[in-house]
Every structure is written in structure tokens, then in C-alpha cells.
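For reference, the chains in residue letters:
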Amino acid sequence: MNSSFNSKLISATKWSSLTEIVAKLVTPITSMILARVLAPEIFGIVASVNVVISFCDLFTDAGFQKYIIQHETGDNESIDKYANVAFWTNLFISFSMWGIIAVFAETIASLVGCPGKKMAIIIACANLPLTSFSSIQIALLKREMNFKPLFFSRIATILVPVFVTVPLGIITRSYWAMIIGTIASNLITVVTMLLLLQWRPKLQYSFSLLKSMLSFSIWSLLESVLVWIINWGDVFIVGSILSSYYLGLYKTSMSLINQVFAIVSASMVPVLLTALSRLQSDDAEFRKVYYRFSFYSGLILIPMGVGLFIFRDTVCLIGLGPDWIEASTLMGTWGLVSSFAILFNSYNGDVLIAKGKPKVSVIIQIIQIIAIVPVVYFGAKKGFGYLSYARALVRVIGMIVHCSAVRIVAGISTRKVISELIPSIVATAVMGMFGFWFVSLQCDWWINILGIFVCMLIYAVVAMMFPSIRSIAYDFFYKLRHKVNK
């Protein structure tokens, strides 16, 4: 790996991580406030509306963002031509879908479990052209591993919930607060992309380029649709079997946990995909970068997942409040599985895309869907508690299939990943034993916070017993001291 690429990789990781850390310090706070001023039923309605928006967003992007990031064209002029085709195609599809939804809004509202809320769906669909307008600009920045402008754009958007969503939630006590807040966030993204990025779409189009792009993008789009079914299809199942109250518990608790893990996943996954895409023809460096990302991510993810499972009641009380305590089991199991799913689902998915194997990803998603429908259905039939474990089980199935696929496609060894994570696994095991004992004392939630900090300390002390971890810590503090002394 040349020094220039390595420098860009480090810079991209730094800015991407900083973006997500700042975002995840603000986002959970707004979620905590909204969970205390809005009823779970309101979150259920918003979840139903978001089903429509998230599904349509798949088609407005049409898989072009991944194409721009992954595809090797050889020169900037070619990239500019591909970006123009992607931009105008996305914009056309987004306005077309908005119009179709407006015509059939009442029927769609009934299908997603929120009859009578057609106006909410129509207004929320304003997000479609907004996200499609900025998606290609974002892809161009990610392709060049230039995450610094994305940091400033994200900072601007994360302030929207503080100044728009939360005040509207307190005033209206309705789902409109969250819908308007999302529109405002996407509008800010469009404005900041125009201000921070020099690229502008030109009035030119090529159907021949569109045809060549679709050969990759159709499979990428199909994969995205299948991923959407995995992430959102369960909303239909849960909503049809359980009430809006439980749907609100289900989707909101999972969303909060996803926000916590997005500090790592959302900062690492885009950088990893870009880095692996640039190294797709160099197998040795490709695997080297993958193993490095897995190692550093695992140091954080594994103790996070185990800690969330142990202190799930405390996390639920702090994050959502006492009215949501029934969701604590789901939050704990989802947190535990998510820590490994990022390593063995998300990262492995990036491997397949970077190697230009979207068809393999499609097959994997189909396997997961075949599993998720009956598992979630029978779990929901048994009750919310059973559903909590059933939903986590599906992610485990996805991990097993993904690990097998990347072994064949890229020679990635899951055994090697796990062996390099031994320091984190051992330290987490020691931390976990103390954590389970501490929780068994049944202390008040504010005392459990002290237990969480003690667990973090135990993890750090045990991890530092391993030479590889001491070396990382030494390098970090040496560089930090060197920068401070400059």
C-alpha cells in the first residue's frame, strides 16, 4: 500500500469517525427527549411512514451511488459523465415516484398500517427529490475518500433535530414534528453539498452510459431492495400481528441501538468500501485493509455489544424512559448481535461490493429473507418477548452465510479475524463476568451507571495485558503528545 493511499485512508477514517461521534452524541439525546414527550404509538406511525420513504429511496438512488464509488473508470472526465447520468436519472425517478405516491396515498397508508395518514405520507415524500439531489455529490466525495466536507455537512444536519424536531415535538405532540424535522435535515444536506462541493451537474445525458451503469446498478439495486425487506419488512409482520404500541416499541428500540453502533459502523463502512474498491485488483493489500478494519472495530464493538446486553434495563431507562421498559430485552439482544453483525455482515457486504460481486450479495439477502419471514412471524405470534430473540436469530444466520461467501470470493478467513480479536474477546469475557455479578445486585439505575464505568475500566486493564494492545495505545499517546507539543 503506497504512502499516499495510506494517508488518505487514515484521513478519511478520522473525518468519518469524527462525524459519527459528534452525530451520535446529539442524535440519542434528541431521541431520549422525543421518547419522553411523544407516545410509542406516534413512533409506530412514523415507522409506517418511513417504510414508504425508505423503499422509494432505493429506487431514486437506483444503485448508482455504489457504482460511482466502486467503478474504476481511469480518469476524472469519465467520472463526471457517469455522475451526470446518475444525477439526472435519480432526480427523474424521485419526482416520478413522488407523483405516483400522491395519487395512491390513501391505499398506501392503509397497506402500511396507518389509515387516514395519507397527507403525512405525501408530505414526507418531499424527502425523495432532496436525497436524490445530494446522493451523487456524496458518492463523489466518498470515492475520493474526502470525508472532511461530509463532516461539516453532517454537523449542520444534526443540529436540525435540536432546533426543529424537538421544539415541534414539545409543541405539537404529534408525528409532524419528526416528519418536518427529516425534511429540514435533508434540505440542509442539499444546501451544504452545493456550498462545499465544486462539482455541478451539467445539462448532458448519455443513454449508452446509462445502459453500461445498469449492468452493475441493477444488481446493486436488487440487493438494496432485499436489504430493505430485511430491515423494514418485519414492520409489516409486527404491525399486522401486534398493535401500534408494540410496533413503536419494536422499531424505536432497535433504532436507538442502531444509532449507538452507527458511531462505529457509519464511520467505518463507507471508508472501508471506498478503500477496498480502490484495492480490488490487489488481493494481498485488499485482505490486509479488511483485517485491519476488523481488528480496530472489534476492539470497540465487542465490549459495546456485551455491555448493552448486560445493562439492557439501565440503557432502556436512560435512552427511552420507564414507559418503554418492556423493550429492554429487545434492546439487549439486538445490541449483542449488532456488535458481531457489523463485523461479519456489514464489512463482508462491503467486500462483495468492492469485488464487483453484487449477485452474491443478492443471493445472501434472499437466504436471509427466507429465514426472516417465518422466524419473525412465529416470534410475534408468541409475543413481544419471543420476538426480541427471534429477530436477533435472523442476523446470526446472515453472519454465517456472509462469512462463507467472502471466504470464496476474496479469501477472507473468519478464523483469522477471530484469532486477531482474542485480546478483545478475553477482556470482554472478564468484563462480562463482573457485569453480570453487578447487575445481579439489583441496584438502582444510577448506581448501574457506575457499574458500566467500572466495566469499561476492567476491559481496558485486561486488554492492556496483551502486547498488541499496548503497542496500539503507545502509538496513539505518542502521536497525541507529539501533536500537543508542536
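This one's a predicted model, so the numbers in the text were calculated from it and none came from an experiment.

The rules behind these values
- Residues numbered from 1 in each chain as written.
- Predicted model: local features only at pLDDT ≥ 70, side-chain atom pairs only at ≥ 80, totals over all residues.
- Heavy atoms only, no water.
- Axes fitted to C-alpha atoms, helices over the stretch in contact; angles between N-to-C directions.
- Helix = DSSP H or I, 4+ residues; strand = E, 2+ residues; numbered from the N terminus.
- Parallel < 35°, antiparallel > 145°, perpendicular 65-115°, else oblique.
- Left-handed = near helix turned anticlockwise from the far one by under 90°.
- Contact = heavy atoms within 4.5 Å.
- Nonpolar A, V, L, I, M, F, W, Y, C, P; charged D, E, K, R; others polar.
- Core = buried A, V, L, I, M, F, W, Y, C linked by side-chain atoms within 4.5 Å.
- Buried < 20%, exposed > 50% of the residue type's maximum accessible area, 1.4 Å probe, protein only.
- Salt bridge = Lys/Arg side-chain N within 4 Å of Asp/Glu carboxyl O.
- Phe/Tyr/Trp six-rings, centres within 6.5 Å; stacked < 30°, edge-to-face > 60°.
- Lys NZ or Arg CZ within 6 Å of the ring centre and 35° of its normal.

Q: Can you help me understand the packing of helix H15 (residues 358-382) against helix H16 (residues 384-410) in this one?
A: Any two packed helices are characterised by how steeply their axes cross, that is the angle between the axes, and by the distance between the axes. Taken N-terminus to C-terminus, the directions of H15 and H16 make an angle of 165°; their axes are 8 Å apart at the nearest point. Viewed along their axes, H15 and H16 adopt a mutual orientation that is roughly antiparallel. Two packed elements cross with a definite hand, and for H15 against H16 that hand is right-handed. For the pair H15 and H16, the contacting residues are Val360, Ile364, Gln365, Ile367, Gln368, Ala371, Ile372, Val375, Val376, Gly379, Ala380 and Lys382 in the first and Tyr386, Leu387, Ala390, Arg391, Leu393, Val394, Ile397, Gly398, Val401, His402, Ala405 and Val409 in the second. Partitioned by chemical class, the residues of the contact of H15 with H16 number 17 nonpolar, five polar and two charged.

Q: Sorry if this is basic, but what is going on with the nonpolar core here?
A: Side chains that are nonpolar tend, in soluble globular proteins, to be buried together. Formed by 112 residues in total, the largest nonpolar core has its most connected members in Ile101, Ile121, Tyr347, Val351 and Leu387. Of the residues forming this core, the biggest block, 13 residues, is contributed by helix H11 (residues 244-278). In terms of nonpolar packing, the next biggest core, distinct from the first, is built from 23 residues, Phe64, Ile68, Leu197 and Leu210 among them.

Q: What am I meant to see in the pattern of salt bridges here?
A: Charged atoms that come close allow side chains of opposite charge to pair. Under the criterion given, the structure shown has four salt bridges. In this structure, the salt-bridge partner of Asp234 is Arg391, at a minimum N-O distance of 2.9 Å. Of the two residues, Asp234 sits in helix H10 (residues 207-241) while Arg391 sits in helix H16, which places them 157 residues apart along the sequence. The pair formed by Asp234 and Arg391 is uniform in burial state, with each residue classed as buried. For Asp283, the salt bridge goes to Lys355, with nearest N and O atoms at 2.6 Å. Highlighted residues: Asp283 in helix H12 (residues 283-310) and Lys355 in the loop between helix H14 (328-354) and H15, separated in sequence by 72 residues.

Q: What am I meant to see in the packing of aromatic side chains here?
A: Aromatic ring pairs: the centre-centre distance and the angle between the two ring planes describe each pair. Under the definition given, this model contains 15 aromatic pairs. Pairing Tyr175 with Trp176 gives two aromatic rings, centres 5.4 Å apart and planes at 40°, and the pair type is tilted. Residue Trp176 is classed as partly exposed on the basis of its relative accessible area of 27%. Summarising the aromatic geometry, the rings of Tyr245 and Tyr246 are spaced 5.1 Å apart at their centres and angled 80° between planes, so their arrangement reads as edge-to-face. Looking at Tyr246, the relative accessible area reads 24%, which means it is partly exposed. An aromatic cluster of three or more residues is present, and its members are Phe87, Trp88 and Phe133. In this arrangement the basic side chain of Arg312 is found over the ring face of Phe309, its NZ or CZ atom lying 4.5 Å from the centre. A cation over a ring is seen here: Lys382 above Tyr386, with NZ or CZ 5.9 Å from the ring centre.

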